[in-house]
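# Close look at the chain arrangement
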Amino acid sequence: MENNKFVNFLDQFNVLSPNHSKIYDEYTSDTEYSNYNFTIKTKVQEHLENLFRENPQSLILTGNAGDGKTRLCRIIHDQLSSNELEHWPEDGIVDLRLDFGTLRIVKDLSELRDDVILEQLLRLQESIQSRHTNKLFYLIAANEGKLTKFLSQHNELAELRREVSNRFNSFKNNNQVFSIINLLDVTSSVYVEKVLEDWNKEENWEACNSCKKNGSCIIFLNHQRTSGELVQKRIVEQYRILDYLETHITMREMLIHLSFMITGGLTCEDINRAGYKELSNHSNKIYYENFYGHHLSPHAFAEMRALRIFKALDPGNYSHSDIDDFIMNGDISGNKAIEELHQELVDDSMDMQFGYFSRKLRLYRDHDGISDHSIIEDWVQKLRRKFYFEINNSAGFDRHVLLPFQYLSDYISLFNNQQTQSSIKRNLISGLNRSFSGRLVDSKASLFATSQNLMIYDEFKSKEINIIDDLIRDDIDYLPSKFTLSVQKEIKLPMNLFIFEYLMRAQGGGTHNILREEADILIDTFKNELIKISEPEEFTLTVLKRDRDSGLFVKVEIDL
């Protein structure tokens, strides 16, 4: 039986496979799978191409291993040179003679000897100081930690250290002489849909259409499901949540994760030799289980960082009575639309073990759940995940309740919406008042600079507090993902989804403390900075005092 070579191509990204390729310079370029090589046109690539053609300068690319620094260096070389770069020289440095001068491309600064790094960085410093009158321009791929550590160890690089530090503080400090582009700033979700669309092209799966095993092949089923627009949007949504949390997934980590989501670590050989027992195990390799790494050993989580991150977002872990009741009883609800929806969820496909779950569910209900509790333990969490990815929003259920963030929809609604920002700002003020004082405070119109001792150092009116939208960037693929809460345009609190969720829970008197670890340091620093600029009344002591009628704490002034 002929195998699908594209499945073998995907297996190269499987870190648990002996076929795994650790080289992602061109997303693997083995000639055996050259037909399946793909490229993703990125904004940073376009920006670099235009920059070196129209306004040459020196530039450092930073980011984690797997962010594509080396690949970008190769692409820029090939775009500007008449000859493609087949192999990097041993020292990893290539000089290109161009109309504007010499572009020196350094593949990876951390791979060079310290004396070579010092030599090249001194030359870079000289080029920047002279505004490139020497006609030598640099494109350097570097690890941020290695770069900053090396600069701090060499006083002769003090000027370059200052220039680098300024640009790490803010990309807005880039100029026409020298720039730093940090690929950690790229929002991970941007590329997910592009990869899914490319990998799910029908020509990649033609061999499967004629395969006699395709009806019992979990890989082919995963391809069919992840080809759908709805499922793709849900997958992108999970990655987008990471953007809101300022959690960066490298291109390499994303490719490893998405390939595993489709194949479950299996190959055509595994499918062809599968017996009844193996088929039962394969049914658990459905994409929404693979996405969170279920049925895998701890070793797999150590190798695949994305699995560890997404585990905290797993919708299977969060019970909701309406959805759980629908999973268990939707087919006997008496509502035709609900029953049809349940049939859509609980069908006779391979992930439902060809109707086995339906039979097990009926048996469970007929015996009042006494005989077999495994249906709850083994199936409900799985079906919550399937519900999250596959049930349309128009069904009347809110799938977001299966996520650990109660205020995700509110957070999303803030972007470029001043009216919503104005409304939610009152709740954020209330959340901050509770966080500062440790009490529920009866005020949404004023932010009190106070602490656990309940003394109010100053009061900031709502009009002095603003929610500032994230900046749009033209140089990299970046979707606005966070905000800044500003007081008097002077004191600022960075606000990602963690901070927002914490404050929204706090204002309602909810269990905000479960997010305390993520929010504590930032909010305490924000409070202390407010206290520093506070101007207390000289002859009046202002405190928070409990109001007997409402049970809330209110502002009270005491004349001294």
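On a predicted model such as this, the values are computed, not experimentally measured, just so you know. Residue numbers here run from 1 along each chain, matching the order of that chain's written sequence. A pLDDT threshold of at least 70 governs which residues receive local features in this predicted model, and a stricter bar of 80 or more applies before side-chain atom pairs are shown or counted, although totals over entire chains, interfaces and linings include all residues. By convention in this description, side-chain values take in all heavy atoms of the structure and omit both hydrogens and water.

The subject of this paragraph is the overall build of the chain. What counts as a helix is a DSSP run of H or I of at least four residues, what counts as a strand is a run of E of at least two, and both are numbered from the N terminus. From N to C terminus, the chain includes 24 helices and twelve strands. Projected onto the principal axes, the alpha-carbon positions of the chain cover approximately 80 × 75 × 35 Å. Only protein chains enter the accessibility calculation, which uses a 1.4 Å probe; a residue whose area is less than 20% of its type maximum is buried, one above 50% is exposed, and one in between is partly exposed. The buried share of the chain, reckoned over its 560 residues, is 54%. For this analysis, residues touch if any pair of their heavy atoms sits within 4.5 Å. Taking as baseline every contact in the chain between residues at least 6 positions apart, the subset at least 24 positions apart corresponds to 65%. Element-wise, carbon and sulfur atoms account for 45% of the exposed surface of the chain, whose accessible area totals about 26,500 Å². For the purpose of charge, His is not counted, nor are the chain termini; Lys and Arg are scored as positive and Asp and Glu as negative. Charge placement uses NZ in Lys and CZ in Arg. For Asp and Glu, CG and CD serve respectively. Between the mean site of the 65 positive side-chain charges and the mean site of the 86 negative ones, the chain shows a separation of 2 Å. The method behind every accessible area is Shrake-Rupley, applied with a 1.4 Å probe, and residues are considered shielded solely by the protein chains displayed.

What follows deals with unusual backbone geometry. A positive phi angle, close to 55 degrees, is found at arginine 131, a residue other than glycine. Mapped onto the fold, arginine 131 is located in the loop between helix 4 (114-129) and strand 4 (136-142). Although it is not a glycine, lysine 489 sits at a positive phi angle of roughly 55 degrees. Note that lysine 489 resides in the loop between strand 9 (483-487) and strand 10 (491-495).

Any Lys or Arg side-chain nitrogen located within 4 Å of an Asp or Glu carboxyl oxygen qualifies as a salt bridge. In the structure shown here, the tally under the stated rule is 30 salt bridges. Of the charged contacts, one joins glutamate 163 and arginine 167 as a salt bridge, the two residues approaching to 2.7 Å between their closest N and O atoms. Note that glutamate 163 and arginine 167 are positioned in helix 6 (residues 158-169) at a spacing of four residues, about one turn of the helix. Accessibility assignment for this pair places glutamate 163 and arginine 167 in one class, buried. Here lysine 527 ties to aspartate 524 by a salt bridge, and the two come within 3.9 Å at their closest N and O atoms. Of this pair, lysine 527 and aspartate 524 both sit in helix 24 (residues 516-532), three residues apart, which is roughly one turn of that helix. Put simply, Arg225, Asp347, Asp351, Lys386 and Glu390 are held in one network by salt bridges that share partners.

A few words on the pairing of strand 7 (residues 456-461). Direction of pairing for strand 6 (residues 446-450) relative to strand 7: antiparallel, over a ladder of five bridges. Within strand 7, the position partnered with serine 446 by the bridge is lysine 461. Any two strands with at least two DSSP bridges between them are considered paired. The turn linking strand 6 back onto strand 7 is made up of five residues, and leucine 454 within it adopts a positive phi angle of 70 degrees.

Moving on, we get to the packing of helix 17 (residues 321-329) against helix 19 (residues 356-366). Running from N to C, helix 17 and helix 19 point in directions that differ by 100 degrees, and their axes come no closer than 10 Å. Between helix 17 and helix 19, the interaxial angle falls into the category roughly perpendicular. Facing Ile327, Met328 and Asn329 of helix 17, the residues of helix 19 in contact are Leu361, Tyr364 and Arg365. Looking at the contact of helix 17 with helix 19 residue by residue, the class counts come to four nonpolar, one polar and one charged. Between the N-to-C directions of two axes lies an angle of 0 to 180 degrees, each axis being a line fitted to C-alpha atoms and, for a helix, fitted only over the stretch in contact. Note on angle classes: values under 35 degrees are labelled roughly parallel, values over 145 roughly antiparallel, values of 65 to 115 roughly perpendicular, and the remainder oblique. When residue character is reported, Ala, Val, Leu, Ile, Met, Phe, Trp, Tyr, Cys and Pro are called nonpolar, Asp, Glu, Lys and Arg charged, and the others, Gly included, polar.

The next point concerns the environment of phenylalanine 526. Topologically, phenylalanine 526 is positioned in helix 24. Among residues more than four places away in sequence, those in contact with phenylalanine 526 are Leu432, Phe436, Leu447, Leu485, Val487, Ile491, Lys492 and Leu493.

A separate point is the sheet that holds strand 1 (residues 58-62). Strand order in the open sheet formed by five strands is 2-3-4-1-5, with mixed pairing between adjacent strands. In this open sheet, the two strands that pair with only one neighbour each are strand 2 (93-98) and strand 5 (178-182). Taken over all neighbouring pairs, the strand axes of this sheet differ in orientation by 15 degrees on average, direction set aside. Pairing of strand 2 with strand 3 (residues 101-106), which is carried by six bridges, proceeds in the antiparallel orientation. In the strand pairing of strand 3, aspartate 95 is matched with arginine 104.

The next thing to look at is the sheet that holds strand 10. Pairing is antiparallel in the open sheet, where three strands are placed in the order 8-9-10. The open sheet terminates on both sides in strands that have one partner only, identified here as strand 8 (465-469) and strand 10. On average, adjacent strands in this sheet sit at an angle of 25 degrees to one another, irrespective of strand direction. As defined by bridge partners, strand 8 adjoins strand 9 across five bridges and the pair is classed as antiparallel. Of the residues in strand 9, the one forming a bridge with aspartate 469 is phenylalanine 483. Set on the sheet, helix 22 (residues 418-437) makes contact with strand 8, strand 9 and strand 10; between it and strand 8 the angle comes to about 120 degrees. Contacts between helix 24 and the sheet are confined to strand 9 and strand 10, with strand 10 contributing the most and set at about 165 degrees to the helix.

The next thing to look at is the nonpolar core. Formed by 128 residues in total, the largest nonpolar core has its most connected members in Leu103, Trp199, Ile235, Met254, Leu258 and Leu447. Not counting chain neighbours up to four residues away, the residues in contact with tryptophan 199 comprise Phe6, Phe9, Leu10, Phe13, Phe38, Asn204, Trp205, Leu255, Leu258, Ser259 and Ile262. As used here, the term nonpolar core means buried Ala, Val, Leu, Ile, Met, Phe, Trp, Tyr and Cys residues forming a set that is joined through side-chain atoms within 4.5 Å. Of all hydrophobic cores here, the second largest spans 24 residues; its members include Ile93, Ile117, Tyr138 and Ile180.

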